[in-house]
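# Descriptive structure summary
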Amino acid sequence: MRRCLEAQSCSPQCSIPLFLLYNCSRLLDHQDEVYNIRIQDENSLDSRWTKLFNKGKLDKKCSFLAANIECDIFGAVRVPASFHDRYGDFLPSQLGIRCKKYLWPAKYDKAVRKIYDIGKFMRYYGLTVYNVALFEYYGDGLFEVQIFRDTAVECLYPKMHPTEFFKTTGKYYDEEDYILDTKSLELEKQISLLCFNACANKTDFVEMCLSEQNLNPHLQNLELDPSWEKFYNKWDDGSKVVLRLERTHWEVFVSWQNNRCSFGRGWVDFARESGLQAGDNLLLFKHNTDEENILNFCIFKAEAWSDACVEGTSKAEHSFYKMVYPDAAKEGHFVLPRLFSKKYCSRLCRIRQVDVDDRSWYIFYNVPNGYIYNLEDMLKHFKVIEKEAIVFSINSSNVMTARIFQKDGMEIAYKRRIRSAKYLGDEHWFLKPDLRSDYDLEEDSEHGSESSGGNAGVGNDMAENDLQFTITVSTLLIDKKTHGPFIPVAIHPPNRAWKKGDEVEIRTEKGSWRLGMVLHGNRARMSAGWNKFARDNEYQVDDVLSWQLIEENGTDVFIVTKVAPV
């Protein structure tokens, strides 16, 4: 007899490990087989999904958007407070997250409102920081998920079976590829891409798909595409152009020869240091400046760009999201994410209507600038405000659907929103970076707080030469499965950086312990010995620990003091 449990069988005597996948397509496509499944454990994930689908029409309880914005936490995502208040106390010990045809086990930490133990789920679907997931909750701890990249477009889901994936390519995408330093160039590039596609209406841009010849270091220049004329006609021979991210910038110099404009000196350094590769699409745009020689940039990687160059022809539904920028409700138009407008241009031209909660409005898509117009009445009707999100979807018809999500990520109660005179949602923005990051999406960077690198829960009051910091203990630090905390970038031994294999001594009022260090890029993290140290000191979730680094007789020593439980 067939079972819907695909990876391995489950019995009451064995708990389900992290990497158990359930082939839910059978539950969807072969209802007759569902009724014949012999249920061994009524609380197992396959049993709960079977009961759910046996009811017939799925009863969706609520929906929310979530993103992992804590750059050093792997395999966890925080849910909105309003979801936790309504359902948190009733969630079972094991959750099920279904994405396309596979169901993945997960756990829920009520203390910090986080779904965790989803590391392999994230690796399989390639989730990184600032990717957004749309969670549909059906009750009994069961979710369905859609995933959106930092391009603001729903991802291309893997076709390889997960078992095969983790035998081959899955090992390449490991924890180091997910965790990003708040001061790293990779994080700056990712946020630039997100801001361009999701958080603003940028139309004054130029782009160029780069070939191997464009990146040849022996040529020392990049001949600019004629489509860049609106920018380079304002540049003189020998003038300097600044290409920038939020904090990092490069200087390249303009060269004119035979009425052709090129980037000359500085181009090779920029291409190498920014990580450009053949097939990547380099896009330049103006951001918060009127100066002609200062341009922001973002990079669409080759694999995403090549897929967007193939016109989408399937009848399946395809989605993207936009954050509501200032004055959007009054102006009533959005520019579509670049990849979406490129891939589905012909289909978008047929769109004449947007449906939201059984109401319809006339709209149209303008090809030259990539805008959808006539949204002002819809936005005003649902009282949409800045930093709320809208998920748009299209299929083979000429109707686009839209769903509106509050700032905290929860989908709005449409009828209640219309009646209410005041804003009912949480003011916390689900895409707001943690306090350790300098970034404040689409706001003046001068107002961002100075990053201290390092951990979730690391205090910001660390002076430049004061080797002290604080850590708030999370479930992930005491679950006996992970490494210890990251060390803030500014904390290191005198006159040198941390090295792989370094050992440190940690002292508390209960004694001393020797711990090993590992490196993730240029970031140090406590590893060997951490679990014993945490267990011996009986640390609990939300304990606040103060750390001070000193050197004593050539040994690096951390003095750890428990400040207070929250």
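Going by the structure above, here's the rest.
All values reported here derive from a predicted model rather than from experimental measurement.

### Some details on the sheet that holds strand 21 (residues 371–373)
If you walk across this open sheet you meet the three strands as 17-21-20, and the pairing is antiparallel. The strands lining the two open edges of the sheet, one partner per strand, are strand 17 (334–335) and strand 20 (364–366). As paired strands, strand 17 and strand 21 are joined by two bridges and run antiparallel to one another. By the bridge assignment for strand 21, F334 is matched with I372.

### Structural notes on the packing of aromatic side chains
Scanning the entire structure with this criterion turns up 45 aromatic pairs. Ring pairs connect the aromatic residues Y102, W104, F121, Y124, Y125, Y157, F165 and F166, which therefore count as one cluster. Across from the ring centre of F166, 5.3 Å away, lies the NZ or CZ of K120, which sits over that ring. One Lys or Arg, K230, reaches over the ring of F231 and ends 5.9 Å from the middle of that ring.

### Considering the environment of G75
Turning to its location among the elements, G75 is positioned in the loop between strand 2 (62–67) and strand 3 (76–78). Remark: the alpha-carbon pair of G75 and L127, spanning 52 residues in sequence, is separated by 9.5 Å. Residues within four places of G75 in sequence aside, it is in contact with I115, Y116, D117, I118, G119 and M122.

### Side note on unusual backbone geometry
With a phi close to 75°, Y130 is a non-glycine residue in the positive phi region. You can call Y130 buried: its relative accessible area is 1%. If you check the backbone angles, E538 has positive phi at about 55° while not being a glycine. Relative to the helices and strands, E538 is located in the loop between helix 17 (530–536) and strand 28 (543–552). Owing to a relative accessible area of 52%, E538 belongs among the exposed residues under this scheme.

### Quick notes on the nonpolar core
Grouped together as the largest cluster of nonpolar side chains are 39 residues, with contacts concentrated most on F334, L348, V356, L375, F382, M400 and I404. Elements that contribute at least two residues to this core include exactly helix 8 (185–198), strand 14 (281–285), strand 15 (294–300), helix 13 (338–343), strand 18 (353–356), helix 15 (376–381), strand 22 (389–394) and strand 23 (399–405). Beyond its immediate sequence surroundings of up to four residues, M400 is in contact with F320, L348, I351, Q353, V354, D355, I363, I372, F392, S393 and I394. In terms of nonpolar packing, the next biggest core, distinct from the first, is built from 33 residues, C62, Y87, M122 and Y157 among them.

Conventions adopted
- Residues numbered from 1 in each chain as written.
- Predicted model: local features only at pLDDT ≥ 70, side-chain atom pairs only at ≥ 80, totals over all residues.
- Heavy atoms only, no water.
- Pairing = 2+ DSSP bridges.
- Helix = DSSP H or I, 4+ residues; strand = E, 2+ residues; numbered from the N terminus.
- Phe/Tyr/Trp six-rings, centres within 6.5 Å; stacked < 30°, edge-to-face > 60°.
- Lys NZ or Arg CZ within 6 Å of the ring centre and 35° of its normal.
- Contact = heavy atoms within 4.5 Å.
- Buried < 20%, exposed > 50% of the residue type's maximum accessible area, 1.4 Å probe, protein only.
- Core = buried A, V, L, I, M, F, W, Y, C linked by side-chain atoms within 4.5 Å.

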